[in-house]
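Analysis of the macromolecular model
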Amino acid sequence: MATKSKAYKAAVEKIEADKYYTPTEAVALAKETGSKKFDSTVEVALKLSVDPRKADQMVRGTVMLPHGTGKTARVIVFANGPAAEAALAAGADEVGSTELIEKVAGGWTDFDAAVATPELMGQVGRLGKVLGPRGLMPNPKTGTVTPNPAKAVEEIKGGKIEFRVDKHANVHFIVGKASFTAEQLDENLKTALEEIVRLKPASSKGRYIQKGAVSTTFGPGIPLDVNAI
């Protein structure tokens, strides 16, 4: 078993035993526990009381973080004609139709999000085995299948994040970088939490958010007080 670094152990010591932190307290502490060698990403993990096997309990959505994510997302667009030209002008990293589809089918996934126009989804659909497991498959519910891909590109690069409950009923998402101010991280986190709470399935019983934690890249988890959410 690998041993934890001194920095990790020092970060753990800053987290009080048996204490659950409010979102505001958690992100402030995350800034302190982030790596001093690079700008850590601040991540959140939540355990929900849903059954992902049931279609009516699949929690999935998007939210625009008011202060962005701190990173520039790499976005590709499956489009042609004027829509492709507009997507390029909006800052898409790569745009195309048949050739781009073939490139991705060959295993290329060096991007953070994929957008497609409706008319190309018939062809893009066969990329499910490549894009599906990575959460990159364009979907109309998240605004990534759209006749206006340029707008989608602008939103994703501007700080729009996507979240989706996994098979274990967990949701993971990022809320920024450790270099953000505590106030920026707090606003980003609360904005994301509000959207996740808004999407609570009517069929979900009991406490919706069962537990949660905030952490930084390679850092320890800071337990969230779910009663404060």
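Criteria and cut-off values
- Residues numbered from 1 in each chain as written.
- Predicted model: local features only at pLDDT ≥ 70, side-chain atom pairs only at ≥ 80, totals over all residues.
- Heavy atoms only, no water.
- UniProt positions renumbered as here; feature names shortened; annotations may be inferred.
- 1 Å grid on protein atoms, 1.4 Å probe; cavity = no way out; pocket = protein on both sides within 12 Å on 5 of 7 lines; lining within 4 Å.
- Points joined across faces, edges and corners; volume = space filled by probe spheres on them.
- Helix = DSSP H or I, 4+ residues; strand = E, 2+ residues; numbered from the N terminus.
- Core = buried A, V, L, I, M, F, W, Y, C linked by side-chain atoms within 4.5 Å.
- Buried < 20%, exposed > 50% of the residue type's maximum accessible area, 1.4 Å probe, protein only.
- Contact = heavy atoms within 4.5 Å.

An unreviewed UniProt entry lists the chain under the name Large ribosomal subunit protein uL1, with Microbacterium horticulturae as the source organism. Taken from UniProt, the Subunit (unreviewed entry) comment for the chain reads in full: "Part of the 50S ribosomal subunit."

The next point concerns the layout of surface pockets. Taken as a whole, the largest pocket holds about 920 Å³ of empty space. Taken together, 33 residues form the lining of the largest pocket, with Asp 112, Arg 134, Gly 135, Leu 136 and Glu 162 sitting closest to its centre. Among the elements of the structure, strand E2 (60-64), strand E5 (113-116), helix H7 (149-157), strand E6 (160-164) and strand E7 (170-177) are those that each provide at least two residues to the lining of the largest pocket. For the lining of the largest pocket, the element with the highest residue contribution is E6, accounting for 5 residues. In this structure, the second largest pocket occupies an estimated 350 Å³ of space. Taken together, 17 residues make up the lining of the second largest pocket; nearest its centre are Ser 5, Ala 7, Tyr 8, Ser 35 and Lys 36. Listing elements by their share of the lining of the second largest pocket, those giving two or more residues are helix H1 (6-13) and helix H2 (23-33). With 4 residues, the top contributor of residues to the lining of the second largest pocket is H1.

For soluble globular proteins, nonpolar side chains are generally found buried alongside one another. By size, the foremost hydrophobic cluster in this structure holds 33 residues, and its most contacted members are Val 44, Leu 46, Leu 48, Phe 173, Leu 189 and Val 214. Those elements that place two or more of their residues in this core are H2, strand E1 (41-48), E6, E7, helix H8 (182-198) and strand E8 (209-216). Among the elements that take part in this core, H8 stands out by supplying 5 residues, more than any other. Non-local contacts of Leu 189, meaning those with residues more than four positions away in its chain, are made with Pro 23, Val 27, Val 44, Phe 173, Val 175 and Val 214.

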